[in-house]
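Understanding the architecture of this molecule
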Amino acid sequence: EYDKIYTITFSKAGFTNKTITMNTNGVPDLKRQKVPDMGAEITLFKPNDCIKTDLLDLPIGKAVYFPKKNIMDWDMEYSMPRLEKLNKLLEKCAKEAERKAEEEAQKEKDYALAMKDANKSFSKNNFEEAIVAYKKAIALFDDRPEPKSKLKLIETELAKKLEAEKQRAEEKARAAAEAIAKAEEEEAAKKAEEERIAKEQAEAEVLLKAAAELTAQKEAELAAKKAEEERKAKEQAKIEAEIAAKKAAEEAAKKLEQQALKTANAENKAKLLAQKEAQKRKEAETKALADKEAARLRKEKEQKAKEIAANLALKAEKARAENQVKLQEVKKEIIVEIEGKEKAVLTTPAIKNNSSSNAAGIKFKSTGKNKSRHLYQRPNKHKKGKGPQPKKRIVF
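All of the points below concern the structure found in this document. Residue positions within a chain follow its written sequence, with the count starting from 1. Totals for whole chains, interfaces and linings use all residues, but because this is a predicted model, local features are given only for residues with pLDDT of at least 70 and pairs of side-chain atoms are given and counted only at 80 or more. Note: side-chain values were computed over all heavy atoms of the structure, leaving out hydrogens and water.

**Some points on the overall build of the protein chain**
Secondary structure follows DSSP: runs of H or I at least 4 residues long count as helices, runs of E at least 2 residues long count as strands, and numbering of each begins at the N terminus. Within the protein chain, the regular secondary structure consists of three helices and four strands. Secondary structure elements of the protein chain occur, N-terminal to C-terminal, as β-β-β-β-α-α-α. We call a residue buried when its accessible area falls under 20% of the maximum for its residue type, exposed when it is over 50%, and partly exposed in between, using a 1.4 Å probe and counting protein chains only. Classification of the 396 residues of the protein chain by burial places 14% in the buried group. Taking the contacts inside the protein chain whose residues are at least 6 apart along the sequence as the reference set, 56% of them involve residues at least 24 apart. Accessible surface, the protein chain: about 33100 Å² in total, of which carbon and sulfur atoms supply 56%. The contact criterion used is simple: two residues touch if any of their non-hydrogen atoms lie within 4.5 Å. Reported accessibility uses the Shrake-Rupley method at a 1.4 Å probe radius. Residues are deemed covered only where the shown protein chains occlude them.

See below:
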């Protein structure tokens, strides 16, 4: 409606709102039906700390009536400075975001490198270098738990190492004291052992003399016993030799009997095998005769099939030739019919366009191949009106 000021708000969840105003005051009554429509293209962006949203507290664009052109259009003295200021701010914020992203990426690379060096040193138990690298990673990202937990592990490992070294020192001192006590004990034991050995040697010499006499007596008894055992062994060997000769003769006779039986079985098997071979030859001859007869019948069948196929091909070629003749005749008839219709159209009088300039329909002039560069392509009015007006494209 005219004689009003409209405020239009564009909003979407998660994005910063924008508003524009349209002032329809000042349009003469006689020209109201001739004012063309207008539109707006609005872009929204997500809130950002860098962007001063107070810039959008007021409308980003204002549309007013221009009497000389009889159009509603943007007040560029108001809209353009605000639009340029907002665009510069957005470009600045984009560059700042890009710089922060590069710094963050470099920071991530430095953190990854520090953690890599720290973990490598940690795996080699080089705890001093690992501590320096983990502290460097914490200085880059204090909120990440991994380097802090690794430092606690190193502290635990160092405490364990210190405790182990302390225990080793105590163990070494205790071992030294035990070694001294053991050496003294061994010296005393050695002295007692030497005295015991001297005493035992004296007693052993007496016992040795008695043992030599007893040994001589036992050796004589053993010699007599050995001679008796040798005599009995010769008799036993003679008996075993006779038994072995008898057993060998029995085994030889048994082998001869088994060899004869084996020869008889082999002859029977050879006879059966010969019978089977004769049967196989007979079956092969029968099969060969059957295959020969089947081949003859198959050849006759193939010859008949070829003759039938040749007859069918001949019939098909004859039918194709007949159809081709019919097609040519139908084609000539269609050409004659089309020529007759074309002559009838050429003799029909032209229809005149009696539409006037005040008709309800509106003609649109072509604005070139790139029609999208104009804001409007159709009016939403009826009756009087100039129709769409090409305008410069502005995006808020």
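After presenting the structure, the write-up continues.
**Some points on the side chain of Ser79**
Structurally, the position occupied by Ser79 is in helix α1 (residues 76–123). In the analysis that follows, any N or O atom pair within 3.5 Å is treated as a polar contact, provided that within protein one partner can donate a hydrogen and the other can accept it, and provided that, for residues neighboring in sequence, both atoms belong to side chains. There is a polar contact of 3.1 Å between the side chain of Ser79 and the backbone nitrogen of Lys62. Other than its neighbours up to four places away in sequence, Ser79 contacts Ile60, Gly61, Lys62 and Phe396.

**Considerations on the nonpolar core**
Counting 20 residues, the largest nonpolar core has Met38, Ile60, Met72, Trp74, Leu86 and Phe396 as its most contacted members. Sorting the residues of this core by element identifies β2 (18–23), β3 (61–66), β4 (71–74) and α1 as the ones contributing at least two each. Here the element with the most residues in this core is α1; it accounts for four residues. Ala130, Ile138, Leu140 and Phe141 belong to the second-largest nonpolar core, a separate cluster that totals 14 residues. Buried residues of nine kinds, namely Ala, Val, Leu, Ile, Met, Phe, Trp, Tyr and Cys, make up a nonpolar core once their side-chain atoms join them within 4.5 Å.

**Some remarks on the side chain of Arg82**
Relative to the helices and strands, Arg82 is located in helix α1. Under this rule, positive means Lys or Arg and negative means Asp or Glu; His and the chain ends count for nothing. When a carboxyl oxygen of Asp or Glu is within 4 Å of a side-chain nitrogen of Lys or Arg, the pair counts as a salt bridge. Here Arg82 sits buried without a salt bridge, and the closest side chain of opposite charge, Asp57, lies 7.9 Å off (N-O distance). Engagement of the side chain of Arg82 in a polar contact is seen with the backbone oxygen of Pro59, the distance being 3.2 Å.

**A word on the pairing of β3**
At least two bridges found by DSSP between two strands are what make those strands a pair. Both β2 and β3 contribute to a ladder of three bridges, which runs parallel. By the bridge assignment for β3, Ile20 is matched with Gly61. Two strands pair when backbone bridges link them, and β3 and β4 are joined in this way by four bridges, in the antiparallel orientation. The partner of Ala63 across the bridge, within β4, is Trp74. Hairpin geometry of β3 and β4 is characterised by an intervening segment of four residues between the two adjacent antiparallel strands and by a positive phi of about 55 degrees at Asn70.

**A look at the environment of Ser149**
If you trace the backbone, Ser149 turns up in helix α3 (residues 145–346). For Ser149, a relative accessible area of 36% gives the class partly exposed. A distance of 2.7 Å separates a polar side-chain atom of Ser149 from the backbone oxygen of Glu146.

**What about helix α2 (residues 127–140)?**
Since there are 3.6 residues in each turn of an α-helix, residues three or four apart along the chain are aligned in direction. With 14 residues, α2 should reach 20 Å at 1.5 Å per residue; the first-to-last C-alpha distance of 20 Å fits that figure. Looking at α2, one finds that the buried residues are Phe127, Ala130, Ala133, Tyr134, Ala137, Ile138 and Leu140. Axial view of α2: buried residues confined to an arc of 155 degrees, hence all on one face. Across α2 from its buried face, at more than 90 degrees, point the exposed residues Glu128, Val132, Lys135, Lys136 and Ala139. In this analysis, the expected span of each helix is defined as 1.5 Å times one less than the number of residues it contains. Taken from the helix axis, the directions to the C-beta atoms give the arc we talk about.

**Thoughts on the packing of aromatic side chains**
Here a pair means two rings of Phe, Tyr or Trp (six-membered ring of Trp) with centres within 6.5 Å. Their orientation is stacked below 30 degrees between planes, edge-to-face above 60, and tilted elsewhere. Applying the stated criterion to the full structure yields two aromatic pairs. With 5.4 Å between their ring centres and 85 degrees between their planes, Tyr111 and Phe141 make a pair best called edge-to-face. Placement of the pair is Tyr111 in helix α1 and Phe141 in the loop between α2 and α3, with a sequence separation of 30 residues. The exposure classification of Tyr111 matches that of Phe141, with both residues buried. In this structure, Arg144 packs its charged tip against the face of Tyr111, placed 4.7 Å from the ring centre. Positioned above the aromatic ring of Phe122, the side-chain terminus of Lys150 is 5.6 Å from the ring centre. Ring-over charges, as used throughout, are those where CZ of Arg or NZ of Lys falls within 6 Å of the ring centre and within 35 degrees of the ring normal.

None of this, on its own, says anything about what the molecule does.
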